[in-house]
Amino acid sequence: MALKIVKGSIDRMFDKNLQDLVRGIRNHKEDEAKYISTCIDEIKQELKQDNIAVKANAVCKLTYLQMLGYDVSWAAFNIVEVMSSSKFTYKRIGYLAASQCFHESTDVIMLTTNQIRKDLSSPNQYDTGVALTGLSCFVTPDLARDLANDIMTLMSHTKPYIRKKAVLIMYKVFLKYPESLRPAFPRLKEKLEDPDPGVQSAAVNVICELARRNPKNYLSLAPLFFKLMTSSTNNWVLIKIIKLVSCFCVVKYLGLLAMSKILKTHPKSVQSHKDLILQCLDDKDESIRLRALDLLYGMVSKKNLMEIVKKLMLHVDKAEGTTYRDELLTKIIDICSQSNYQYITNFEWYISILVELTRLEGTRHGHLIASQMLDVAIRVKAIRIFAVAQMATLLDNAHLLTGNMQRNGICEVLYAAAWICGEFSEHLENPMQTLEAMLRPKVATLPGHIQAVYVQNAAKLFSTVLKSQEGSTEGTAAQETSQLMIDRLPLFVQSANLEVQERASCILQLVKYIQKLQQKEVEVAEEVSALFAGELNPVAPKAQKKVPVPEGLDLDAWINEPPSESESEDEQPKAIFAKEEPKHSRSRHTEVDEKELARRREARKQEQANNPFYIKASPSSQKVYQESPGVEHIPVVQIDLTVPLKVPGLPMSDQYLKLEEERRQKERADKKKKEKKKRKEKRSGRGRRHDSGPESEEDITPAHMVDIVTEEMPEMCLTLNHKVCDIQGNLQDGSQVVVSVIFENKCDSLLKSMEFNVLDSLNSKLQRPEGSGPHDGFTVPFQLPPGVSNEARLVFTVQSIVMPQKMKGTLTFIVKNEDSSIHEKLDFKLHFTCTSYLITTPCYSDAFAKLLESGDLKCSSVRLEEVNMPFHHLLARICFHHHFSVVERIDSCASMYSRSIQGHHVCLLVKTSGQTVSIDAKCDEPTLLGNVLDEIKQTFSQC
Amino acid sequence: MIRAILIFNNHGKPRLSKFYEHYTEDTEQQIIRETFHLVSKRDENVCNFLEGGMLIGGSDYKLIYRHYATLYFVFCVDSSESELGILDLIQVFVETLDKCFENVCELDLIFHVDKVHNILAEMVMGGMVLETNMNEIIMQVDAQNKMEKSEAGIAGAPARAVSAVKNMNLPEMPRNINIGDISIKVPNLPSFK
């Protein structure tokens, strides 16, 4: 017997083993395939032998060939034979081969069930281990069903080595035989707290895989995982748990919450995750969606506003449930209107968005849309033509909005539509049609306050129509229009609503009178339109306080004896004035019953909170403001309006997105052109640096501008004095301008967290601390107690100094009172004059003469009339205000010189005769010269 | 889940392939080729993650690989696995090979692919990570090798002698594929020279 074994192994010595096979293949690089086929023949011979060692060796070689791409499934039975060897060495070879080439359709697998069961219960843990490893690769539903119990038993094996393998393979069993999950789960859960970290890790692994398929079912394990997370030192387990917890959505919510905190301090870092946050809007969890919405509010910029709103509009369309949809709607409006419409570059787009929003059914926020329409139409003058056209269409299709009249909040937009059409009726293409639409009988079903607006604005429209009809010879048409009014208005006179009734009857009588005049062929249009003459201006919410109380007026004193309380409430139902018409604020005073003044003031105060007309200060209120003593005023930004795009019909907001992209692209192209030009200049020796950084937010010039009027602050007042105090320039780096800004706190509260931010222009940029983005503000490094002033220095880089610069900026700060702190904002403008770039430089007369002779200088001149001051005062003034030095003075004639920080020479020849001063000037930069002269002229026009 | 573990050399020759899902032999070869093409054209200084090829899972799957001297170690995993976790696992795998083969080189993998499989089986089981503790892995591998030796006993002696003779010329083969320069890339691995 022993001899036989020895003989067998001697035979075997000369069989190729795996190493020989590999070596052989490497030595037969030219005819590898042929060599391998002879090897396979040998292997087939070996497999036919009884000796299990020979068979195992053959199978081992087959495993290698399998890796090289040879099909070895024909040897499947032999592999099973080797697997069932009692020796671990061969068993391992067999299981390895099986794991590499067995799969569900391998039929011999059926034969292995008992063998595997035997191995699983082997006293040798490595037999069991090898079987489990192999099984994990080729487990079939049948095997899973038959062996599930055995494996479950192994989960409680004494050896952790077996336990961890058994736990892990359970996942494969669950996949193939899902029924096993329920009975096995308690034990699996138990294994999360196994004393052996390897078993623990395996259990976490399995549960993570299961939870990935259906997170909800495993939510109950969260506390257990949290415990593991805090106690485990195994990184692998930690990673898995974090992955798992992220499936539970909790993390998503917390993440969004954290982001909203970060957003307040580091908006840039959150903005880069815009897409991710937009994705959260698709989440099935409503609280996550709402969080994401909150975040979006803080993330918009000029660049991405349209895109974000477009996405939100898509969500509005598919949103289920009015609560969430209403939330979306308010967010869209909030996002667009924040900071005085700071991020809107195209108001036609915004109006279209608002119009699209009116198509929502059953929203409660009709009034919100309405107030936005009014606000935009009033404050963005350039948009009025477009807005009026849109509103006219809305009025025309009013029946679509008012399907379910009383409960439908959306009909509020008709309030705005009617008012806009009436007030800006001169922009209407077909006022007659709109007038008819406003006098339709169906209007009588609208809520009272809307009807009132309809009636009043029908009158305005009437005046516009009259004007056009009288202008064009058809006298009868004008009379027909009057007749239309007379026919339709009685409907409103019968209205149950007092406001409507009053207005309608008043206007009806007026129209009847007009008709009489018309029949006498009197031209009335002028006089009728005078009723509605005058521009409506927005008024700041606190403007009333600016009006000084006239002397001798005691606002608290009763004008008449106070009426008894019951009487006033009965006689004057509140409804009349609750929705008071804004027209009262115009100069057309209706008879105000003075008895009610006090009560109405209260009502008005409430109304002002919502009424768009009271939001911002107007130029007229500024006058009042300037008159009020002791209040420093910050310049108001008035921006020219560009001509709006003409888009006929009812446009979709989407098209603006496209238009906007095209516009920006064009701008970019233009900019590039300019850039190129500049570079050429550079090459030709001007040696100035040109920043050609990426398109920054501020470079996007808006298509429409809002009238941004400085928020007035009567109670707390902060003055900003700025002066350019130090200018350094050189040809290479552009020029640096140091601006010292004096902050003076004139209110009674502490001002803190002041952040000074300036919208960089292409030419001038605020130098920000290192690491901060181009939009970050400069944090003022001090706080201001009441009555204190302090100075901060800001450095700007200026590329070109030939033009004066005006930079818009905002100062945000927190006003801290004892009991509250309010965030406030102050808009201001920094003005860099060209003069400020000039440096007083002495020049000798001979050098001056040489300079004038050189012929490089361009000439320009200016005359100042009516200057009543001695000549030397005049020169001193130019020297002081405009940084010149006198080169030479002969009688009433003087030559002056100055140099810009970038080395431009500016020479003046000032002559005076009587009250007229003429200045001839030469400079190598004509633009700079022109601007300097303008500034000199302005200096003298002020005195 | 790990879908496949592949080791191939700089020329795309497979040194180990372990698929945890069934493919035909032809597909397996294609996957190896495709993966090699994806991985080998990437610079040394780019990241170690990329999307799976068309054959293996597409964009739902990631390839996470490390390049050691002449060998690429590629793990194809789904989204439940952490990239860094797998990267660490590859490191553990290679360190374990280094310990078991004493200064592992490509030749060890060429001639002892069965041993590599046995080591891998102690780390990854059926596509799931079984053990990440190197000492534990080595201990189990050693214990099984010891068992194998004791089984071979006297009967195995002649075979071992022959195999020793056969292997005599092995050291003469160029060992230039030594993973020597790894110590530069992985400074925390002094044993990896």
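Reading the values: rules and limits
- Note on numbering: residues in each chain are counted from 1, in written sequence order.
- All chains are assigned letters beginning at A, and all ligands numbers beginning at 1, according to the order in which they are written.
- For a predicted model such as this one, the threshold for reporting local features is a pLDDT of at least 70, and the threshold for listing and counting side-chain atom pairs is 80 or more; totals across whole chains, interfaces and linings nevertheless cover every residue.
- Excluding hydrogens and water, the side-chain values take into account all heavy atoms of the structure.
- UniProt positions are given in the numbering used here, feature names are shortened, and annotations may be inferred rather than shown by experiment.
- Every helix listed is a DSSP run of H or I at least four residues long, and every strand listed is a run of E at least two residues long, numbered separately from the N terminus.
- Burial classes: relative accessible area under 20% of the type maximum marks a residue as buried, over 50% as exposed, and values in between as partly exposed (1.4 Å probe, protein chains only).
- We call two residues in contact when some of their heavy atoms are within 4.5 Å.
- Using the Shrake-Rupley algorithm and a 1.4 Å probe, accessible areas are obtained, with residue cover drawn only from the displayed protein chains.
- Strands are labelled as partners when DSSP assigns at least two bridges between them.
- Every angle, taken between N-to-C directions, lies between 0 and 180 degrees, and every axis is a line fitted to C-alpha atoms, over only the stretch in contact when it is a helix.
- Residues enter patches when their relative accessible area tops 30% and they take part in no salt bridge; the joining distance is 9 Å for like charges and 5 Å for the nonpolar side chains Val, Leu, Ile, Met, Phe, Trp and Tyr.
- Salt bridge criterion: a side-chain nitrogen from Lys or Arg within 4 Å of a carboxyl oxygen from Asp or Glu.
- Grid points spaced at 1 Å over the protein atoms alone were grouped into cavities, where a 1.4 Å probe fits but cannot get out, and pockets, open sets with protein on both sides within 12 Å along at least five of seven lines, with lining residues defined by an atom within 4 Å of a point.
- Grid points are joined across faces, edges and corners, and a volume is the space filled by probe spheres set on the points.
- Residue type decides the class: Asp, Glu, Lys and Arg count as charged, Ala, Val, Leu, Ile, Met, Phe, Trp, Tyr, Cys and Pro as nonpolar, and the leftover types, Gly among them, as polar.
- Once two parts are joined, some of their accessible surface, as seen by a 1.4 Å probe, is lost; buried area is that loss totalled over both.
- Between the rings of Phe, Tyr and Trp (Trp by its six-membered ring), a pair exists once the centres lie within 6.5 Å; its type follows the angle of the planes, with under 30 degrees stacked, over 60 edge-to-face, and the other angles tilted.
- Residue-level confidence of the predictor is summarised by pLDDT, bounded by 0 at the bottom and 100 at the top.
- Joining through side-chain atoms within 4.5 Å is the link that ties buried Ala, Val, Leu, Ile, Met, Phe, Trp, Tyr and Cys residues into a set, and such a set is a nonpolar core.

By the naming in an unreviewed UniProt entry, chain B goes by AP complex mu/sigma subunit domain-containing protein and is assigned to Gouania willdenowi. Reading the Sequence similarities (unreviewed entry) entry of the UniProt record for chain B gives the comment "Belongs to the adaptor complexes small subunit family."

Going by the annotation in an unreviewed UniProt entry, the name recorded for chain A is AP-3 complex subunit delta-1, with Gouania willdenowi given as the source organism. In its Sequence similarities (unreviewed entry) section, the UniProt record describing chain A reads: "Belongs to the adaptor complexes large subunit family."

A. Representation of the overall build of chain A. In terms of helices and strands, chain A carries 39 helices and 14 strands. Out of the 943 residues in chain A, the part that is buried amounts to 50%.

B. Quick look at the overall build of chain B. Scanning chain B from terminus to terminus reveals 6 helices and 7 strands. Split into buried and exposed, the 193 residues of chain B put 56% on the buried side. The long-range fraction of contacts in chain B, counting pairs at least 24 apart against all pairs at least 6 apart in sequence, stands at 53%. Split by element, the accessible area of chain B, about 8300 Å² in all, is 54% carbon and sulfur.

C. Representation of the sheet that holds strand β5 (residues 71-77) of chain B within the structure. Residues and elements named next belong to chain B. If you trace the 5 strands from one edge of the open sheet to the other, you get β2-β1-β5-β4-β3, paired in antiparallel fashion. Looking along the sheet, the strands with just one partner apiece sit at the ends: β2 (14-19) and β3 (49-51). The mean angle between the axes of side-by-side strands here comes to 20°, regardless of whether they run parallel or antiparallel. Alignment of strand β4 (residues 62-68) against β5, held across 7 bridges, turns out to be antiparallel. Looking at the pairing, His67 lines up with Tyr72 of β5.

D. Representation of a nonpolar patch on the surface. All names here are of chain A. Taken together, the side chains of Phe77, Met110 and Leu111 define a hydrophobic patch exposed on the protein surface, amounting to about 350 Å² of accessible area. Locating Met110 in the fold gives a position in the loop between α6 (88-101) and α7 (113-120). Using a relative accessible area of 62% as the deciding quantity, one classes Met110 as exposed.

E. Representation of the pattern of salt bridges in the model. Applying the stated criterion across every chain yields a total of 30 salt bridges over all chains. Taken together, the shared-partner salt bridges connect Asp142, Arg145 and Asp146 of chain A into one network.

F. Region of the structure containing the environment of Glu348 of chain A. Residues and elements named next belong to chain A. Here Glu348 is to be found in helix α21 (residues 347-357). The buried category is assigned to Glu348, whose relative accessible area is 0%. Along the primary structure Glu348 and Arg384 are separated by 36 residues, whereas in three dimensions their C-alpha atoms are 9.5 Å apart.

G. Seen up close, empty space enclosed by the protein. Applying the stated criterion across every chain, the model contains 6 cavities of 30 Å³ or more. Of the voids in this model, the largest cavity is the one considered here, and its volume is about 190 Å³. Taken together, 18 residues form the lining of the largest cavity, with Leu96 and Thr133 of chain A together with His117, Asn118 and Ala121 of chain B sitting closest to its centre. Broken down by class, the residue content of the lining of the largest cavity amounts to 8 nonpolar, 6 polar and 4 charged.

H. Expanded view of the side chain of Gln200 of chain A. Residue and element names in this part refer to chain A. One can find Gln200 in helix α12 (residues 197-213). Residue Gln200 is classed as buried on the basis of its relative accessible area of 16%. In this structure, Gln200 is in contact with Lys191, Leu192, Glu193, Asp194 and Leu228, ignoring residues within four places of it in sequence.

I. Examining unusual backbone geometry more closely. Residue and element names in this part refer to chain B. Positive phi values are uncommon outside glycine, yet Ala69 reaches one of about 50°. Structurally, Ala69 can be placed in the loop between β4 and β5. Taking relative accessible area as the criterion, Ala69 reaches 17% and is therefore assigned buried. Despite not being glycine, Glu102 shows a phi value in the positive range, around 50°. Glu102 sits in the exposed class, given a relative accessible area of 65%.

J. Inspection of the interface of chain A and chain B at higher detail. Taken together, the contact pairs 54 residues of chain A with 52 residues of chain B. In this assembly, chain A packs against chain B so that about 5100 Å² is buried in total across both faces, 55% of it on carbon and sulfur atoms. Contact with chain B buries area across many residues of chain A, yet Met67, Arg92 and Trp236 of chain A alone supply 14% of it, more than any other trio. The tally of links from chain A across to chain B stands at 6 salt bridges.

K. Focus on the environment of Leu759 of chain A. All names here are of chain A. On the secondary structure map, Leu759 appears in the loop between β3 (750-758) and β4 (764-766). Classification of Leu759 as partly exposed rests on a relative accessible area of 32%. Along the primary structure Leu759 and Thr810 are separated by 51 residues, whereas in three dimensions their C-alpha atoms are 8.4 Å apart.

L. Layout of the packing of aromatic side chains. Residue and element names in this part refer to chain A. Enumeration over the complete set of coordinates arrives at 15 aromatic pairs over all chains. Aromatic side chains Phe848 and Tyr897 sit 6.4 Å apart centroid to centroid with 90° between the ring planes, which places their arrangement in the edge-to-face category. Placement of Phe848 in helix α37 (residues 845-853) and of Tyr897 in strand β12 (residues 893-900) is noted, with a sequence separation of 49 residues between them. Residue Phe848 is classed as buried on the basis of its relative accessible area, which comes to 7%. Judged by relative accessible area, Tyr897 falls into the buried class, the value being 4%.

M. How the structure looks around the sheet that holds strand β7 (residues 805-816) of chain A. Residues and elements named next belong to chain A. Read from one edge of the open sheet, 4 strands run β5-β3-β7-β8, paired in antiparallel fashion. Of all strands in the sheet, those bounded by a partner on one side alone are β5 (778-779) and β8 (821-832). With 2 bridges joining them, β3 and β5 adopt antiparallel strand pairing. Across the sheet, residue Phe756 finds its bridge partner in β5, namely Phe778.

N. A look at the pairing of strand β13 (residues 905-913) of chain A. Residues and elements named next belong to chain A. Two strands pair when backbone bridges link them, and β12 and β13 are joined in this way by 7 bridges, in the antiparallel orientation. Residue pairing in the sheet places Ser898 in a bridge with Val906 of β13. Linking β12 back to β13 in an antiparallel pair, the connection comprises 4 residues, with Gly903 at a positive phi of about 85°. Bridge analysis of β13 against strand β14 (residues 916-923) gives 8 bridges, and the strand direction is antiparallel. Following the sheet pairing, Ser913 is matched in β14 by Thr916.

O. Broad picture of the confidence of the model for chain B. All names here are of chain B. When pLDDT is averaged along chain B, the result is 82, and 76% of the positions lie at 70 or above. Counting interchain partners and residues more than four positions distant, the pLDDT-below-50 stretch residues 171-193 has 42 contacts. For this predicted complex, the interface confidence reaches an ipTM of 0.86, while the overall pTM sits at 0.47.

P. Representation of the confidence of the model for chain A. Residue and element names in this part refer to chain A. Per-residue pLDDT for chain A averages 77, and the proportion of residues at 70 or more is 78%. Counting interchain partners and residues more than four positions distant, the pLDDT-below-50 stretch residues 567-591 has 38 contacts. Contacts from residues 615-651, a stretch scored under 50 in pLDDT, to residues over four places away or in other chains number 88 contacts.

Q. Structural view of the pairing of β2 of chain B. Residue and element names in this part refer to chain B. Counting buried positions over the 6 residues of β2 gives 6, a clear majority of the element. Here 5 bridges tie strand β1 (residues 2-9) to β2, and the two strands are oriented antiparallel to one another. Bridge pairing in β2 links Phe8 to Pro14. Once β1 ends, the chain turns through 4 residues before running back antiparallel as β2, passing Gly12 with a positive phi of about 90°.

R. The arrangement of the nonpolar core in detail. Of all hydrophobic cores here, the largest spans 127 residues; its most connected members are Phe102 and Phe138 of chain A together with Ile2, Phe73 and Phe93 of chain B. Ranked by residues supplied to this core, first place goes to helix α10 (residues 160-176) of chain A with 10 residues. Those residues in contact with Phe138 of chain A that sit more than four places away from it in its chain are Met83, Tyr95, Ala98, Ser99, Phe102, Ile109, Ile116 and Leu143 of chain A. Ranked by size, the runner-up nonpolar core spans 106 residues in total, among them Leu256, Ile351, Ala377 and Ala459 of chain A.

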